[in-house]
Amino acid sequence: MAEPLLGAIPGFARNFIPFLIYFVVCLVSFFISFYMALKIKPTRPKNTDTIADADLIFSVPMYSGLSMLAILGTIEGMEEGWQFHWFGSSGHSRHFVMLYAAVNLIHIPITLFKKQNFNYKVLMSFHHAISITCMMVGLLNDRMYFFAAIDGICEVYTMSFFAKDANMSEYIFISGYIVQVERFERMIWIRYLH
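Residues numbered from 1 in each chain as written. Predicted model: local features only at pLDDT ≥ 70, side-chain atom pairs only at ≥ 80, totals over all residues. Heavy atoms only, no water.

## Things to note about the overall build of the protein
Using the following cut-off: Elements are defined by DSSP. Helices are runs of H or I of four residues or more, strands are runs of E of two residues or more, and each kind is numbered from the N terminus. Between buried and exposed lies partly exposed: a residue is buried under 20% and exposed over 50% of the maximum accessible area for its type, with that area taken using a 1.4 Å probe on protein chains only. Contacts are assigned to residue pairs with any non-hydrogen atoms lying within 4.5 Å of each other. We get accessible surface area from the Shrake-Rupley algorithm with a probe of 1.4 Å; when it comes to residues, only the shown protein chains can shield them.
A count of helical and extended segments in the protein gives eight helices and zero strands. For the protein, the sequential pattern of α-helices and β-strands runs α-α-α-α-α-α-α-α. Of all 194 residues assigned to the protein, the portion counted as buried reaches 38%. Of the contacts formed within the protein by residues at least 6 apart in sequence, a portion of 74% connects residues at least 24 apart. Total accessible area on the protein is roughly 11,500 Å²; 70% of this is exposed by carbon and sulfur atoms.

Structure follows, in structure tokens:
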């Protein structure tokens, strides 16, 4: 007897409910962020994009969490052998993949509704779609989470963009932090290649 289509996907049964939880948490978080953006709108300049403000409020904690999960997932898998790197399916890196895919699914409509250049919307939507596709391959196959975590370390850089977008005076401090993380990322790649 033929196996049902979704039953043939190794990671579907294991990851569907946790991924759905991450997605719902992200969705609720964005709506809370949107409510907060509406509340601060009277204090913002007249032509301020409320969705962009909500996105900023939403993204700072989400990308902080993504960055931490990526770093922890990379560290925990660094000492493991190639079998764990290709076939391992536990730890922080798995949670990174689920949160990353959920955040990017939320960001597609946010990108479309924000007041920004059409070309930028197309590029960012394409970026989110490609990112989701790449992460979901590992999630649905229930493997390669370690490589996703290494790739996810780049999300730390996103924090400097938020600081710049929010005109934060701490931008220089955050940029200094980013330089330290960049050195850490190079160290991880060099160590992995040995």
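What follows picks up the thread again.
## Let's talk about helix α6 (residues 145-152)
Here α6 lies mainly inside the structure; six of its eight residues are buried. Buried within α6 we find Y145, F146, A148, A149, I150 and G152.

## Here we look at the packing of aromatic side chains
Note the following rule: Two aromatic rings, drawn from Phe, Tyr or Trp (for Trp, its six-membered ring), form a pair once their centres lie within 6.5 Å of each other, and the interplanar angle then sorts them: stacked below 30 degrees, edge-to-face above 60, tilted otherwise.
Here the structure, examined in full by the defined rule, presents six aromatic pairs. Through successive ring pairs, a cluster of aromatic residues spans F30, F31, F34 and F58.

## Focus: the nonpolar core
To keep it simple, the criterion reads: In this text, buried Ala, Val, Leu, Ile, Met, Phe, Trp, Tyr and Cys residues form a nonpolar core when linked through side-chain atoms within 4.5 Å.
In terms of nonpolar packing, the biggest core is built from 28 residues, with C26, F58, L66, F96, V97, L99 and V103 touching the most fellow members. For this core, the secondary structure elements donating two or more residues are α1 (12-40), α2 (50-78), α4 (92-113), α5 (118-141) and α6. The greatest single-element share of this core, amounting to 10 residues, is contributed by α4. Discounting chain neighbours no more than four positions away, the residues touching L99 are Y22, C26, M62, G65, L66 and L69.

## Topic: α1
What counts is decided by this rule: To estimate how far a helix should extend, the number of its residues minus one is multiplied by 1.5 Å.
Here α1 is 29 residues long and its end C-alpha atoms lie 41 Å apart, about the 42 Å a rise of 1.5 Å per residue gives. Taken as a whole, α1 has its buried residues at N15, F19, C26, S29, F30, S33 and A37. Where α1 is buried, its residues meet α2, α4, α5 and α6.

## As for unusual backbone geometry
One non-glycine residue, D142, adopts positive backbone phi at about 55°. Position of D142 among the secondary structure elements: in the loop between α5 and α6. Judged by relative accessible area, D142 falls into the buried class, the value being 15%. Residue M144 is not a glycine yet carries a positive backbone phi of 65°. For M144, the location among the structural elements is in the loop between α5 and α6.

## What to know about the environment of E76
Inclusion rule: Polar contact is the term for a pair of N or O atoms within 3.5 Å; when the atoms are in protein, one must be able to donate a hydrogen and the other to accept it, and sequence-neighboring residues count only if both atoms are side-chain atoms.
With respect to the helices, strands and loops of the structure, E76 is situated in helix α2. With 17 residues separating them in the primary sequence, E76 and S93 have C-alpha atoms 8.6 Å apart. Separated by 2.6 Å, the side chain of E76 and the backbone nitrogen of H92 make a polar contact.

## Comments concerning the pattern of salt bridges
Here the idea is simple: oppositely charged side chains can pair when their charged atoms come close. As a reminder, the rule being used: One speaks of a salt bridge when a side-chain nitrogen belonging to Lys or Arg is within 4 Å of a carboxyl oxygen belonging to Asp or Glu.
Going through the model one piece at a time under the given rule, you end up with three salt bridges. Residues D142 and R14 are paired through a salt bridge, measuring 2.9 Å at the closest nitrogen-oxygen approach. A residue pair is termed long-range when its members are at least 10 positions apart, and D142 in the loop between α5 and α6 and R14 in helix α1 qualify at 128 residues. Looking at R14, the relative accessible area reads 34%, which means it is partly exposed.

## Re the confidence of the model for the protein
Which entries qualify depends on this criterion: Residue-level confidence of the predictor, termed pLDDT, takes values from 0 up to 100.
This prediction gives the protein a mean pLDDT of 78; 77% of its residues lie at or above 70. The element-level mean pLDDT for the protein is lowest in helix α8 (residues 171-193), coming to 44, with α1 highest at 92. Contacts from residues 168-194, a stretch scored under 50 in pLDDT, to residues over four places away or in other chains number 31 contacts.

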